[in-house]
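If you want the building blocks of each chain, they are given just below.
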Amino acid sequence: MDTITGEEAGPDATLVPRWNETAQSHSQACVDPGEGLIDSSKLPVEEAVLTSAPSVPPPITRNHPVLLQVPLTTGTKTRQLTSQYKYEQWNFNGIVPGPFIRARVGDVVELSLTNRDKAGNPHNIDCHAFIGPGGGSALTTAEEGQTKTARFRLHYPGLYLYHCAAAPVPVHIANGMYGLMYVEPATGDLPPVDREYYVMQSEFYHEPPEIEDNGKLSSTVEFSYPNALREEPSVVVFNGHEAALTRDKPLKASVGEKVRIFFGNAGPNLTSSFHVIGSTFGKVYRDGDVVSPPGQFVQTTMPYFALKKVVWDI
Ligand SMILES: [Cu+2]
């Protein structure tokens, strides 16, 4: 396997322009506007807990930053998208949506992206929590068989979307390459709740099934570029496929328990009007902003375009 380290890929990816001069002479260092120069290689190393939807990693109990290792692998998998059709999804770590990543302000994420897509497509990570060219995509673009590793310091708290930003970007997103990262505030996380869940809305665009040699309609459908350009999805789903929440992994809670939902809309095109039938959200942290006071007793909020996210407490 061809492995490219962060040093080869470029200088530390946490650079912001005004710190450029200092950081260029310290390629393994991170710069923090409040704390001066921090050597990320001296931070304690921790492997991130990565979960598949609807599970969320447990809250972080430490009160110090770490070098948080996040290994991601790209690939493809044909799965049952709807009750009718199978579809080849492009994924991170074999799942759509990709794993939920939980971190803390001040952590340095050491992201390793290994491309195991046998179709030969390049892939990368554009994480909205990262500051730098392409949200990290400039450093993490991996060709088939490559691993790219880069470090990113987390400056701001909130709920962030990550996605593949290899060209054509909407195609990589429409095929399933997205997930959520939650960056806890360094000053203390949201109030504890009984259960936390991860829900991602997205849409898929496919052609009609083709007729096979035996004269029957194929049970597998393929991506439709024309439908995607017209923004006419074939199906809109929560957590990657039909019935993910109603049949496969429903969100369970007992009467009286407090539930938090980390909600993302990966799109790539449609809006969302997520709400719970028969209840009201006690608090809504709009746009993934967990620092400002939340809205209270909200029935429906509208991440009105794609790539939005909210945190809900029911
Ligand atoms: Cu990709």
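Since the structure is predicted, the reported quantities are computational estimates derived from the model, not experimental observations.

Before going further, it helps to examine the UniProt feature "binding site: Cu cation" (unreviewed entry) in the protein chain. Under the UniProt annotation, "binding site: Cu cation" (unreviewed entry) lies at His123, His128, His163, Cys164, His172 and Met177. Mapped onto the fold, histidine 128 is located in the loop between β10 (126-127) and α3 (137-140). In this structure, cysteine 164 is in contact with Phe92, His123, Asn124, Val169, His172, Ile173 and Met177, ignoring residues within four places of it in sequence.

Looking along the chain, the bond that leaves alanine 53 and enters proline 54 is cis, with omega of 10 degrees. Looking at the secondary structure, you find proline 54 in the loop between β5 (50-51) and β6 (67-80). Here glycine 267 and proline 268 are connected by a cis peptide whose omega angle stands at 20 degrees. Non-glycine residue alanine 243 carries a positive phi angle of around 70 degrees. Within the secondary structure, alanine 243 sits in the loop between β16 (235-238) and α6 (244-248). The buried category is assigned to alanine 243, whose relative accessible area is 17%.

Looking at where valine 259 falls in the secondary structure, it is placed in strand β17 (residues 259-267). Assessed through its relative accessible area of 10%, valine 259 is described here as buried.

Moving on, we come to the sheet that holds strand β13 (residues 178-184). With mixed pairing, five strands are arranged side by side in an open sheet as β5-β8-β13-β12-β10. Every interior strand has two partners, whereas the edge strands, β5 and β10, have only one. As paired elements, strand β8 (residues 100-104) and β13 share four bridges and run parallel to each other. The partner of arginine 102 across the bridge, within β13, is tyrosine 182.

Thresholds, definitions, all that
Residues numbered from 1 in each chain as written. Predicted model: local features only at pLDDT ≥ 70, side-chain atom pairs only at ≥ 80, totals over all residues. Heavy atoms only, no water. UniProt positions renumbered as here; feature names shortened; annotations may be inferred. Helix = DSSP H or I, 4+ residues; strand = E, 2+ residues; numbered from the N terminus. Contact = heavy atoms within 4.5 Å. Buried < 20%, exposed > 50% of the residue type's maximum accessible area, 1.4 Å probe, protein only. Pairing = 2+ DSSP bridges.

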